[in-house]
Amino acid sequence: RSCLILADPGCADAIRELVFRDGAVQDVETSFRRMDETVIPVSLSFASYGRQGKWPAGEGFVLDIGERKQREKSLQETAEVYHTVVENSLAAISIHQDGRNVFVNRRYAEMLGFDSPAQCTGRPFWASVHPDDLSMVRDRGLLRERQQILPAQYVFRQMKKDGKTEVWVQIRATHAMYMGKPAAVTNFIDITQSKMAEEEIRNLSKRLVKVREDERKKLAADLHDQMGQTLTAMHF
């Protein structure tokens, strides 16, 4: 009879061996075949008080876990989507509680020169902030905790793992609940290349102004010398 109810005869044999060995099984997940031939996932518990031929005799109960399995599948799909989006994001993402990182994605670790996100987990969030920008970043964080309105994003510098290399970042931060506790969720965009390009443009502009000024001075000197020679010749 059990072989007819259990959808997998091999599973029936395994459960039978467990019952003979231990006298009972509890919350074993398997599948039953219904009268209409559909197969449903179930949780089986059974206690034996003897045997009938090659099968144990006893009593137990079966729970239909189809809805639970569907929920688990949905949660797994959601987790896979979340993992795909977060780990392949162009933005560096971190979550910190009580001043320490409790989660970072791979992009965050790469941005700061770490080998893996695990090296950043548990590390103080402020440890990577440039010393000259630390006060400003702290003040903004405190104001945000007090629900005061601030610009949605701002720019500051972070330091890489080597403690020497600066990384300019544009941050967007918000507060949320994580694992039942308040946390700060931050998104970083590395704008170091843009900052370097802006600095190069400023330097080029300064050099251009200097070149123009030098040319004007040279032209004025040439005109002065030429005019002086002409006036001297006219005098003679």
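Anything mentioned here points back to the structure above.
Residues numbered from 1 in each chain as written. Predicted model: local features only at pLDDT ≥ 70, side-chain atom pairs only at ≥ 80, totals over all residues. Heavy atoms only, no water.

Q: Help me understand the sheet that holds strand β1 (residues 24–33) in this model?
A: The pairing of strands in a sheet happens through backbone hydrogen bonds and is either parallel or antiparallel. Read across the sheet, three strands follow the order β1-β2-β3 without closing on themselves; strand pairing throughout is antiparallel. Two strands in the sheet have a free side with no partner beyond their single neighbour: β1 and β3 (55–64). Each adjacent strand pair in this sheet contributes to an overall mean axis angle of 40 degrees, direction not counted. The sheet contact formed by strand β2 (residues 39–52) and β3 spans ten bridges and is antiparallel. Within the sheet, the bridge partner assigned to Gly 50 lies in β3 and is Ala 57. Taken strand by strand, helix α2 (residues 9–22) contacts β1, β2 and β3, and its axis lies near 165 degrees from that of β1. (Pairing = 2+ DSSP bridges. Helix = DSSP H or I, 4+ residues; strand = E, 2+ residues; numbered from the N terminus. Axes fitted to C-alpha atoms, helices over the stretch in contact; angles between N-to-C directions. Contact = heavy atoms within 4.5 Å.)

Q: Can you help me understand the environment of Arg 106 in this one?
A: Relative to the elements of secondary structure, Arg 106 occurs in helix α4 (residues 106–111). For Arg 106, a relative accessible area of 38% gives the class partly exposed. Separated by 15 residues in the primary sequence, Arg 106 and Ala 91 have C-alpha atoms spaced 9.7 Å apart. (Buried < 20%, exposed > 50% of the residue type's maximum accessible area, 1.4 Å probe, protein only.)

Q: Honestly, the nonpolar core in this entry has me stumped. Any pointers?
A: In summary, soluble globular proteins display a tendency toward joint burial of nonpolar side chains. Core analysis: the biggest nonpolar cluster contains 18 residues, and Tyr 108, Met 111, Phe 156 and Phe 188 have the highest contact counts within it. Those elements giving two or more residues to this core turn out to be α4, β6 (153–159) and β7 (166–178). For this core, the element with the most residues is β7, which contributes four residues. (Core = buried A, V, L, I, M, F, W, Y, C linked by side-chain atoms within 4.5 Å.)

Q: Where do I start with α2 in this structure?
A: For an α-helix, the turn length of 3.6 residues means that residues three or four places apart are oriented alike. End to end, α2 covers 20 Å across 14 residues, agreeing with the expected 20 Å (1.5 Å per residue, within 8%). Those residues of α2 that sit buried are Cys 11, Ala 12, Ile 15, Arg 16 and Val 19. When α2 is viewed along its axis, its buried side chains cluster within an angular range of 140 degrees and face the same direction. (Expected span 1.5 Å × (residues − 1). Arc of directions from axis to C-beta.)

Q: What is the right way to read the pairing of β1 from this model?
A: A regular strand carries its side chains on alternate faces of the sheet. Pairing geometry for β1 and β2, over eight bridges, is antiparallel. Bridged to Thr 30 within β2 is Val 42. Counting the residues between successive antiparallel strands, the hairpin from β1 to β2 contains five residues, one of them, Glu 37, with a positive phi of roughly 75 degrees.

Q: Would you mind going over the side chain of His 130 with me for this structure?
A: Assignment of secondary structure puts His 130 in the loop between α4 and α5 (134–145). At 3.2 Å, the side chain of His 130 forms a polar contact with the side chain of Glu 166. The contacts of His 130, once residues within four sequence positions are left out, are Arg 157, Gln 158, Met 159 and Glu 166. (Polar contact = N/O pair within 3.5 Å; in protein donor to acceptor, adjacent residues only side chain to side chain.)

Q: Just to check I follow, could you spell out the sheet that holds strand β8 (residues 181–190) for this structure?
A: With respect to topology, five strands assemble into an open sheet ordered β5-β4-β8-β7-β6, the strand pairing being antiparallel. Looking at which strands have only one partner, the edges of the open sheet turn out to be β5 (100–104) and β6. Strand-to-strand twist in this sheet, taken as the mean axis angle between neighbours without regard to direction, amounts to 40 degrees.

Q: Would you take a moment to explain the packing of aromatic side chains for this structure?
A: Aromatic rings considered in pairs are described by the distance between their centres and by the relative angle of their planes. Overall, the coordinates contain five aromatic pairs when judged by the stated rule. Each ring, one from Tyr 108 and one from Phe 188, has its centre 5.7 Å from the other, and the planes form 55 degrees; the classification is tilted. Taken together, the residues Tyr 108 in helix α4 and Phe 188 in strand β8 connect sequence positions 80 residues apart. An angle of 35 degrees between the planes, with centres 5.9 Å apart, marks the rings of Tyr 154 and Phe 156 as tilted. Of the two residues, Tyr 154 and Phe 156, neither departs from the other in class, the shared state being buried. Put simply, the rings of Tyr 108, Phe 125, Trp 126, Tyr 154, Phe 156 and Phe 188 touch in pairs and so form one group of aromatic residues. A cation sits over an aromatic face here: Arg 140 above Tyr 154, 4.3 Å from the ring centre. Across from the ring centre of Trp 168, 4.6 Å away, lies the NZ or CZ of Lys 195, which sits over that ring. (Phe/Tyr/Trp six-rings, centres within 6.5 Å; stacked < 30°, edge-to-face > 60°. Lys NZ or Arg CZ within 6 Å of the ring centre and 35° of its normal.)

As far as function goes, none of this settles anything; it's purely spatial.
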